[in-house]
Amino acid sequence: QQQVKQSPQSLIVQKGGISIINCAYENTAFDYFPWYQQFPGKGPALLIAIRPDVSEKKEGRFTISFNKSAKQFSLHIMDSQPGDSATYFCAASMRVQGAQKLVFGQGTRLTINP
Amino acid sequence: DTGVSQDPRHKITKRGQNVTFRCDPISEHNRLYWYRQTLGQGPEFLTYFQNEAQLEKSRLLSDRFSAERPKGSFSTLEIQRTEQGDSAMYLCATDETGTGGTEAFFGQGTRLTVV
């Protein structure tokens with residue numbers, strides 16, 4: 001019930017296209033859903049996050065769509081650029097004793113072809 | 001640079017040796033987390049501290065692992081009698097809660113290779 005399932009494992013998109021990565025969760029107590037971007041040899045960096053009281057959040061070219069009833073959320077990257085090539089992780093967490101322990105998906109390796 | 005500093009960045013050790021990693025958090029963050037990330041996988045939670053108190057440990061944290069955060073500042077993660085299965089990236093993260101929610105800041109990680 002603590003798992004977060006992410007798909008696809010890898011994704012190749014042409015420059016200028018839309019990249020879409022999907023995640024699903026089981027635990028309805030999760031109340032925070034961030035997406036992280038990770039480049040080789042670096043730690044994950046927060047890209048965008050959403051809470052379940054909204055269905056969509058947009059920041060620049062990045063949009064999270066959230067479907068509470070289906071327990072699914074997705075990341076859309078518009079106008080994908082070669083610099084977006086990285087591994088993307090969705091995550092979910094709930095606050096316990098003040099802490100937010102993140103449960104990560106398996107990751108999606110995104111390649112943007114120029 | 002997130003402001004979370006980890007040292008060393010890379011560590012190669014022989015099986016059976018002890019290793020210690022250090023994490024220096026963002027100074028105003030009172031919560032500090034350790035995660036482990038194996039190749040091709042997402043990070044997995046190991047343990048966390050609120051100030052100097054270690055409040056939760058994952059079952060992934062065997063008896064050979066110990067973490068400390070003296071005086072609620074930097075933290076260390078020690079692995080005793082390392083095994084090849086301990087080879088992974090060890091990530092430290094700190095967080096704060098603002099009006100918009102919680103953002104965890106990760107360090108660059110320490111990549112451990114046990115040979």
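Preceding this paragraph is the structure being described.
In this numbering scheme, every chain counts its residues from 1 along its sequence in written order. A letter from A marks each chain and a number from 1 marks each ligand, given out in the order of writing. Two thresholds apply to this predicted model, a pLDDT of at least 70 for residue-level local features and 80 or more for giving and counting side-chain atom pairs, whereas whole-chain, interface and lining totals are computed over all residues. Side-chain descriptors were evaluated using all non-hydrogen atoms of the structure, hydrogens and water having been removed beforehand.

Points about the pairing of strand β2 (residues 10-14) of chain A
Residues and elements named next belong to chain A.
Part 1 of the reasoning: The rule is simple: take the accessible area with a 1.4 Å probe, protein chains only, and divide by the maximum for that residue type; under 20% is buried, over 50% is exposed, in between is partly exposed. In this description a helix means any DSSP run of H or I spanning at least four residues, a strand means any run of E spanning at least two, and both kinds are numbered starting from the N terminus. Only one face of β2 is buried: it carries Leu-11 and Val-13, and the other face, with Ser-10, Ile-12 and Gln-14, is open.
Part 2 of the reasoning: Bridging between β2 and strand β13 (residues 108-113) involves five bridges; their strand directions are parallel. Looking at the pairing, Leu-11 lines up with Leu-110 of β13. A strand pair is defined by DSSP finding two or more bridges across the two strands.

Thoughts on the side chain of Thr-82 of chain B
Part 1 of the reasoning: Tracing the backbone through its elements, the reader meets Thr-82 of chain B in the loop between β8 (75-79) and β9 (88-98).
Part 2 of the reasoning: The contact definition used throughout considers only heavy atoms, calling two residues in contact when any of these lie within 4.5 Å. Not counting residues within four places of it along the chain, the set of residues in contact with Thr-82 of chain B comprises Thr-13, Lys-14, Arg-15, Gly-16, Gln-17, Val-19, Arg-64 and Val-114 of chain B.

So, the sheet that holds strand β3 (residues 19-24) of chain B
Residues and elements named next belong to chain B.
Part 1 of the reasoning: Strand order in the open sheet made by the four strands is β1-β3-β8-β7, with antiparallel pairing throughout. Looking at which strands have only one partner, the edges of the open sheet turn out to be β1 (5-7) and β7 (65-68). Each neighbouring strand pair of the sheet contributes to a mean axis angle of 15°, computed without reference to strand direction.
Part 2 of the reasoning: Across four bridges, the pairing between β7 and β8 is antiparallel. Bridged to Ser-66 within β8 is Glu-78. Interaxial angles span 0 to 180 degrees and are taken between N-to-C directions of axes, which are lines fitted to C-alpha atoms, for helices over the stretch in contact.

Things to note about the sheet that holds strand β3 (residues 19-25) of chain A
Residue and element names in this part refer to chain A.
Part 1 of the reasoning: Strand order in this open sheet of five strands is β1-β3-β8-β7-β6, and the pairing throughout is antiparallel. At either end of the open sheet lies a strand with only one pairing partner, and these are β1 (4-7) and β6 (56-59). The mean angle between the axes of side-by-side strands here comes to 15°, regardless of whether they run parallel or antiparallel.
Part 2 of the reasoning: One ladder, built from four bridges, connects β6 with strand β7 (residues 62-67); its direction is antiparallel. By the bridge assignment, Lys-57 is partnered in β7 with Ile-64.

As for the interface of chain A and chain B
Part 1 of the reasoning: Contacts between chain A and chain B engage 21 residues on the former and 26 residues on the latter.
Part 2 of the reasoning: Two parts placed together each lose some accessible area under a 1.4 Å probe, and adding up what both lose gives the buried area. At the boundary of chain A with chain B, total buried surface from both sides reaches about 1,700 Å², with 49% on carbon and sulfur atoms.
Part 3 of the reasoning: Counting the surface chain A buries against chain B, the share from its top three residues, Pro-44, Lys-101 and Phe-104 of chain A, is 24%.
Part 4 of the reasoning: Think of a salt bridge as a Lys or Arg side-chain nitrogen and an Asp or Glu carboxyl oxygen that are within 4 Å of each other. Between the two partners, chain A and chain B, sit one salt bridge.
Part 5 of the reasoning: In this structure, the salt-bridge partner of Lys-101 of chain A is Glu-56 of chain B, at a minimum N-O distance of 2.7 Å.
Part 6 of the reasoning: Pairing of N or O atoms within 3.5 Å defines a polar contact, subject to two protein rules: one partner must be a possible hydrogen donor and the other a possible acceptor, and residues neighboring in sequence count only if both atoms are side-chain atoms. Remark: the boundary between chain A and chain B carries six residue pairs in polar contact (both at pLDDT 80 or more).
Part 7 of the reasoning: Residues are grouped as follows: nonpolar covers Ala, Val, Leu, Ile, Met, Phe, Trp, Tyr, Cys and Pro; charged covers Asp, Glu, Lys and Arg; every other residue, Gly included, is treated as polar. Residue composition of the side of chain A that touches chain B, by class: nine nonpolar, eight polar and four charged.

Brief notes about the packing of aromatic side chains
By convention here, two paired aromatic rings are described through the distance between centres and the angle between planes.
Part 1 of the reasoning: Put simply, two rings from Phe, Tyr or Trp (the six-membered ring, in Trp's case) pair if the centres are within 6.5 Å, and we call them stacked under 30 degrees between planes, edge-to-face over 60, tilted for the rest. This structure, assessed with the given rule, holds 19 aromatic pairs over all chains.
Part 2 of the reasoning: Centroid distance Tyr-25 of chain A to Phe-73 of chain A: 6.2 Å. Interplanar angle 55°. Geometry classified as tilted. In this pair, Tyr-25 of chain A is assigned in strand β3 and Phe-73 of chain A in strand β8 (residues 72-77), connecting sequence segments 48 residues apart. The residues Tyr-25 of chain A and Phe-73 of chain A share a single accessibility class, namely buried.
Part 3 of the reasoning: Plain terms: the ring middles of Tyr-35 of chain B and Phe-106 of chain B are 5.5 Å apart, the flat faces sit at 50° to each other, and that makes the pair tilted. With Tyr-35 of chain B in strand β4 (residues 31-37) and Phe-106 of chain B in strand β10 (residues 101-106), the pair connects residues that are 71 residues apart, well separated along the chain. Summarising the burial analysis for this pair, Tyr-35 of chain B and Phe-106 of chain B share the class buried.
Part 4 of the reasoning: What links up through ring pairs into an aromatic cluster is the set Tyr-36, Phe-89 and Phe-104 of chain A together with Tyr-33, Tyr-35, Phe-45, Tyr-48 and Phe-106 of chain B.

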